[in-house]
Amino acid sequence: MMEVNMYVALLLSFVSFVTISLFGMVYKHLSHFRGNNLPPGRFGLPFIGETLHFLRSGWNGHPEKFIFDRMSAYSPRVFKTSILAEPTAVFCGALGNKFLFSNENKLVTAWWPDSVNKVFPSSLQTSSKEEAKKMRKMLPNFFKPEALQRYIGMMDEIAHRHFTTSWENKDEVVVFPLAKRFTFWLACRVFVSVQDPDHVAKFADPFNDIASGIFSIPIDLPGTPLNKAKHASNFIRKELRAIIKQRKLDLAEGRASATQDILSHMLLATDEDGKHMNEMDIADKILGLLIGGHDTASAACTFIVKYLADLPQVYEGVYKEQMEIAKSKAPGELLNWDDIQKMRYSWNVACEVLRLAPPLQGAFREALNDFIFNGFSIPKGWKIYWSTHSTHRSPEYFPEPEKFDPSRFDGNGPAPYTFVPFGGGPRMCPGKEYARLEILVFMHNLVKRFKWESLIPDEKIVVDPMPMPAKGLPVRLFPHKA
Ligand code: HEM
């Protein structure tokens with residue numbers, strides 16, 4: 001009898017513990033959402049908030065709708081909502097972008113959903129905060145135009161091999177998977193000198209698992225997308241560490257060169273105290289770069305193919321520019337920095353594609369302290385979202401925003417903080433210049449070989465979280481006569 005009483009007592013105390021904890025969690029969750037003078041807007045359902053509305057507008061191909069509906073209902077500068085169970089303020093327009101990009105690490109800091117942090121135990125977990133800061137400072141060195149110039153010939157060579165094996169002698173192709181194959185092969189070559197197609201393929205599958213797990217529901221059980229992504233990221237890290245170890249030996253024994261790829265550059269670089277980056281940090285950084293550049297640049301290439309199919313006059317302009325460059329080269333001579341500088345119109349076209357179909361829709365920040373924006377209070381801990389669409393699709397900054405007009409980028413181009421496919425401020429995409437080069441090399445190799453037409457007119461676009469044509473953009477190819 002005494003035993004039964006003890007069990008009942010234990011059970012009761014367990015139940016009360018769980019109930020109190022749950023109440024505590026709910027109270028903490030709800031108190032997060034309270035405050036005076038908050039921006040206008042609504043939080044939607046408890047916990048789920050407006051997450052489904054946010055995601056659904058992307059699945060329907062119009063992520064801008066979530067933003068514009070609320071900008072017109074509440075305020076064109078800032079509104080509140082709840083996304084991923086977090087109270088969130090969405091900052092809109094050029095002033096919102098300027099405020100966030102200028103206040104990085106002062107009023108706001110980068111924030112990623114839980115699933116992202118689980119797939120990428122960031123360098124903060126493998127090294128101290130100070131070291132992570134130093135790494136962030138060193139990263140742009142590897143990706144500035146001067147450092148990337150030497151890889152242009154290499155990019156052209158990979159593009160040549162890619163188009164020969166995957167596009168030539170085919171009547172029809174599906175563009176999105178091919179664009180992914182191209183950007184991934186290129187990244188493997190330029191970052192770590194992996195270029196044997198079999199070795200690249202060994203990496204490619206785990207990468208697809210990572211991409212689908214990053215923005216998934218954060219449930220980590222065997223078989224869930226998040227769990228698969230974690231395994232894939234551990235597998236790639238291990239592979240990368242093996243490559244790094246081998247490279248260190250090769251560099252020491254003169255079998256590898258200091259400039260052959262980004263990895264050699266990272267291994268040999270020192271910070272202001274003369275210290276080298278450690279192996280784990282380098283593996284994490286390269287993984288981050290491979291992921292950052294994986295689906296973004298391939299989405300951009302895919303939409304360039306789509307817009308060029310839909311707009312013959314724009315195609316003609318790009319073709320003319322690229323053929324002038326192609327004709328100026330000796331047979332077999334690879335593209336170089338001067339050639340890239342001549343691709344002005346092609347880059348304007350690519351920018352107009354990035355304006356209308358930005359690969360990343362926006363990004364999150366977290367408020368480091370309470371602060372005021374546009375007369376409203378933003379409480380400490382709130383998430384803040386900036387969205388490319390609030391400026392890219394606004395007639396205030398881009399007259400007739402739906403019209404495809406590459407001349408918007410002539411001269412000084414759009415006003416500051418309005419064209420933001422790569423973000424801005426200290427968190428601006430470190431791969432911006434690399435992406436520019438790979439996109440231009442892709443355009444060159446594509447238009448000099450073919451003209452094409454879409455096989456599915458008005459193919460549906462799905463944004464999840466990157467935009468892509470629902471069927472991957474099948475096209476019919478028309479090779480130019482030799
Ligand atoms: C057209 C292609 C690309 C677009 C549109 C793009 C866009 C962006 C954007 C909007 C951000 C977030 C900025 C923010 O948090 O405010 C970002 C971050 C990042 N991107 Fe890109 N990106 C592209 C290609 C690349 C490539 C090729 C690489 C690698 C070489 C790369 C590596 C990264 C990394 C590592 C970050 C995180 C930076 C940080 O947190 O400080 N991206 N990118």
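I will try to describe carefully the structure that is included in this document. (Residues numbered from 1 in each chain as written. Predicted model: local features only at pLDDT ≥ 70, side-chain atom pairs only at ≥ 80, totals over all residues.)

### Comments concerning the site of the ligand
- Around the ligand, a shell composed of 20 residues is seen, among which G292, G293, G423, C429 and G431 lie nearest.
- At the level of secondary structure, the elements contributing two or more residues to the shell around the ligand comprise α14 (279-292), α15 (294-310) and α20 (432-447).
- Looking at the shell around the ligand residue by residue, the classes come out as 13 nonpolar, six polar and one charged. (Near = placed C-beta within 6 Å. Helix = DSSP H or I, 4+ residues; strand = E, 2+ residues; numbered from the N terminus. Nonpolar A, V, L, I, M, F, W, Y, C, P; charged D, E, K, R; others polar.)

### Brief notes about the sheet that holds strand β9 (residues 450-454)
- Pairing within the open sheet is antiparallel, and its three strands lie in the order β4-β12-β9. Of all strands in the sheet, those with a lone pairing partner are β4 (172-174) and β9, marking the two edges. Strand-to-strand twist across the sheet, computed as the mean angle between neighbouring axes with direction ignored, equals 35°.
- Sitting on the sheet, α15 is in contact with β9 and β12 (474-479), with an inclination near 85° to β9. (Pairing = 2+ DSSP bridges. Axes fitted to C-alpha atoms, helices over the stretch in contact; angles between N-to-C directions. Contact = placed C-beta atoms within 7 Å.)

### A few points about helix α18 (residues 344-356)
- Look at α18: 19 Å from first C-alpha to last across 13 residues, which is about the 18 Å you get at 1.5 Å a residue.
- Those residues of α18 that sit buried are S346, N348, V349, A350, E352, V353, L354 and R355.
- For α18, the secondary structure elements touched by its buried residues are α15, α16 (312-327), α19 (389-392) and α20. (Expected span 1.5 Å × (residues − 1). Buried ≥ 20, exposed ≤ 12 C-beta atoms within 10 Å, placed from the backbone.)

### Focus on the packing of helix α10 (residues 175-192) against α14
- Put simply, α10 and α14 touch, their axes get as near as 10 Å, and they point 155° apart. In terms of axis orientation, α10 runs roughly antiparallel to α14. The handedness of the crossing between α10 and α14 comes out as right-handed. On α14, the residues that touch A187, F191 and V192 of α10 are I286, L289 and L290. (Parallel < 35°, antiparallel > 145°, perpendicular 65-115°, else oblique. Left-handed = near helix turned anticlockwise from the far one by under 90°.)

### Brief notes about the pairing of strand β8 (residues 383-387)
- In terms of burial, β8 is a largely internal element, five of the five residues being buried.
- Residues K383, Y385 and S387 line one face of β8 and the alternating positions I384 and W386 line the opposite face, and both faces are buried.
- Where strand β2 (residues 86-91) meets β8, four bridges bridge the pair, whose relative direction is parallel. Each residue of the ladder has a partner; that of F91, found in β8, is W386.
- In this sheet, β8 lies alongside strand β5 (residues 362-367) in antiparallel orientation, the contact comprising five bridges. Across the sheet, the residue bridging to R365 is I384, located in β8.

### A word on the nonpolar core
- The biggest cluster of nonpolar side chains holds 78 residues, and the ones touching the most others in it are M155, F191, I286, A300, I304 and I439.
- Discounting chain neighbours no more than four positions away, the residues touching F191 are D261, I262, L263, I286, L289 and L290.
- In this structure, V78, F376, W382 and I384 belong to the second largest nonpolar core, which totals 24 residues. (Core = buried A, V, L, I, M, F, W, Y, C linked by C-beta atoms within 7 Å.)

### Points about the sheet that holds strand β3 (residues 108-110)
- Ordered by their spatial adjacency, five strands build an open sheet running β1-β2-β8-β5-β3, and the pairing between neighbours is mixed. The sheet is open, and its two edges are formed by β1 (78-83) and β3, each paired on a single side. On average, each strand axis in the sheet is inclined to that of its neighbour by 35°, with strand direction left out of account.
- Where β1 lies against β2, six bridges are found, and the strand directions are antiparallel. Across the sheet, residue K80 finds its bridge partner in β2, namely A89.
- Set on the sheet, helix α4 (residues 93-102) makes contact with β1, β2, β3, β5 and β8; between it and β8 the angle comes to about 125°.

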